[in-house]
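# Descriptive analysis of the structure
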Amino acid sequence: MKQTAVLFDLDGVLIDTEGQYSDFWKGVGETYYPERKDFAKEIKGKTLVQIYQQYFLEQEDAQNAITKALADFEQKMSFAFIPGALHFVASLRRHGFKVAVVTSSNQQKLKCLLNERPDFYSLFDRVFTAEDAARSKPAPDCYLSAAASFGFEATDCYVFEDSLNGLQAGLDSGATVVGVATTYDAERIAPLCHHVIHDFTNFSVAAMGNLKK
């Protein structure tokens, strides 16, 4: 098996936070867009900048209030790993793969995660955040640049994603994309990836190597 790079989104792929964020953004939607019943789903996979540009453009007071509320919320979040994720990442590294996190979350969010998981960065070869990408997902820039940082073409790499924007970014980069059915059900994400898993408990490095585009 060719040893290249395996690139993981963070929330809903490695860390089980999507339900918590859904609760937060559901509350935001009820406050600012009560007519949009699926607001929490609409913003899945978007950066905070993208959310503000799409829904709160020129609403400085709302942006400031949401930013503060989100910062307070993230200080109290739990950061449990998706079942099997730690074992799978460790197995990849033992088999010689480069492993990176490629997230739309910002550095402030990562500081909150590190408060609970101080060893998080040591689990990976690189961690890329929203500040590292020229364009955010669904643009493929983050995955193209992450692959290039290891000296690989994205077409030789693997991407693990759960959000629609992230899955599209992975596909457009040319990588082999594995959808993790934590945020959306398997049927919804299947058209945007080459394989679907529910978590990593029954997924191995050998199984990944057998995937076909």
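Placed above this text is the structure.
Within any chain, residue numbers begin from 1 and follow the written order of that chain's sequence. Only residues with pLDDT of 70 or above have their local features reported here, since the model is predicted, and side-chain atom pairs are shown and tallied only from 80 upward, although totals for entire chains, interfaces and linings are computed over all residues. As a rule here, side-chain values cover all heavy atoms of the structure and leave hydrogens and water aside.

Spatially, 6 strands are ordered S3-S2-S1-S4-S5-S6 in an open sheet, and the strand pairing comes out parallel. Taken across any chain shown, the strands that pair with only one partner, and hence form the sheet edges, are strand S3 (126–128) and strand S6 (195–197). Taking each pair of neighbouring strands and ignoring which way they run, the sheet shows an average axis angle of 20°. The pairing criterion for strands is at least two bridges between them, as found by DSSP. Comment: elements are numbered from the N terminus, with helices defined as DSSP H or I runs of at least four residues and strands as E runs of at least two. Inspection of the sheet shows strand S1 (residues 5–8) paired to strand S4 (residues 158–161) by 3 bridges, in the parallel sense. Within S4, the residue paired with Phe8 across the bridge is Phe160. Contacts are assigned to residue pairs that have any heavy atoms within 4.5 Å of one another. All axes here are fitted lines through C-alpha atoms, helices being fitted over the stretch that makes contact, and every angle between N-to-C directions spans 0 to 180 degrees. Across the sheet, helix H8 (residues 164–173) is in contact with S4 and strand S5 (176–180); its angle to S5 comes to roughly 165°.

Let us now look at the side chain of Asp141. Take Asp141: it is sitting in helix H7 (residues 141–149). Only protein chains enter the calculation, and the probe is 1.4 Å; a residue is then buried if its accessible area is under 20% of its type maximum, exposed if over 50%, and partly exposed in between. Under the relative-accessibility criterion, Asp141 is labelled buried at 17%.

Look at the link from Lys137 to Pro138: it is a cis peptide, with omega at 20°. Even without a glycine there, the phi angle at Glu58 is positive, about 60°. Within the element layout of this structure, Glu58 appears in the loop between helix H3 (48–55) and helix H4 (60–76). Residue classification places Glu58 among the exposed positions, given a relative accessible area of 78%.

Here we come to the packing of helix H1 (residues 18–32) against H4. Relative to each other, H1 and H4 sit at 155°, their axes nearing to 12 Å. Between H1 and H4, the interaxial angle falls into the category roughly antiparallel. The hand of the H1/H4 crossing is right-handed. For the pair formed by H1 and H4, the contact residues are Gln20, Tyr21, Phe24, Trp25, Val28 and Tyr32 on the first element and Ala62, Ala65, Ile66, Ala69, Leu70, Phe73 and Glu74 on the second. In this count, Pro and Cys sit with the nonpolar residues alongside Ala, Val, Leu, Ile, Met, Phe, Trp and Tyr, while Asp, Glu, Lys and Arg are called charged and the others, Gly among them, polar. When grouped by side-chain class, the residues that make up the contact of H1 with H4 number 11 nonpolar, 1 polar and 1 charged. For classification purposes, angles smaller than 35 degrees are called roughly parallel, those larger than 145 roughly antiparallel, those between 65 and 115 roughly perpendicular, and all remaining angles oblique. Throughout, a crossing is termed right-handed when the near helix is turned clockwise from the far one, and left-handed when it is turned anticlockwise from it by less than a right angle.

On to the pairing of S5. Here S5 lies mainly inside the structure; 5 of its 5 residues are buried. The alternating pattern of S5 places Thr176, Val178 and Val180 on one face and Val177 and Gly179 on the opposite face, and all of these are buried. Convention used here: a crossover is right-handed provided that the path from the first strand, over the helix, to the second strand proceeds clockwise when the strands point away from the viewer. Handedness of the crossover is the feature at issue here: the chain leaves S4, passes through H8, returns alongside S5, and the resulting connection is right-handed. Looking at chain direction, S5 and S6 are connected through 3 bridges and run parallel. Of the residues in S6, the one forming a bridge with Val178 is His195.

Here the focus is the packing of aromatic side chains. Stacked, tilted and edge-to-face are the three classes applied to pairs of Phe, Tyr and Trp rings, where Trp contributes its six-membered ring and a pair requires centres within 6.5 Å; stacked means planes under 30 degrees apart, edge-to-face means over 60, and tilted covers the rest. One pass over the full model with this rule turns up 22 aromatic pairs. Ring geometry for Tyr21 against Phe73: centres 6.4 Å apart, planes inclined by 50°, an arrangement best described as tilted. Here Tyr21 is found in helix H1, whereas its partner Phe73 is found in helix H4, with 52 residues between them in sequence. Site record: aromatic cluster; members linked through ring pairs are Tyr21, Phe24, Trp25, Tyr32, Tyr33, Phe39, Tyr52, Tyr55, Phe56 and Phe73. For Arg36, the ring lying beneath its charged end belongs to Tyr33, and the centroid distance is 5.8 Å. Any Lys NZ or Arg CZ found within 6 Å of a ring centre and within 35 degrees of that ring's normal is scored as a charge over the ring.

Before going further, it helps to examine the side chain of Lys137. Its place among the elements puts Lys137 in the loop between S3 and H7. Residue classification places Lys137 among the buried positions, given a relative accessible area of 2%. Within the local environment of Lys137, its side chain forms a polar contact with the side chain of Asp9, the two groups lying 3.1 Å apart. By the criterion applied in these results, polar contacts are pairs of N or O atoms within 3.5 Å in which, for protein atoms, one can donate a hydrogen and the other can accept it, and in which residues neighboring in sequence qualify only through two side-chain atoms. Among the polar contacts listed, one links the side chain of Lys137 to the side chain of Tyr143, at a separation of 3.5 Å. In this structure, Lys137 is in contact with Asp9, Gly45, Gln50, Val102, Thr103, Ser104, Cys142, Tyr143, Glu161, Asn165, Gly166 and Ala169, ignoring residues within four places of it in sequence.

Residues Phe8, Leu14, Trp25, Phe56, Phe120, Phe160 and Phe200 are the most contacted members of the largest nonpolar core, which totals 48 residues. In this structure, Phe56 is in contact with Val28, Tyr32, Tyr33, Phe39, Ile51, Ala62, Gln63 and Ile66, ignoring residues within four places of it in sequence. Residues enter a nonpolar core if they are buried and are Ala, Val, Leu, Ile, Met, Phe, Trp, Tyr or Cys, with the set joined through side-chain atoms within 4.5 Å. Counting residues in each nonpolar core, the second largest holds 23 residues, with Ala100, Cys157, Ala175 and Cys193 among its members.

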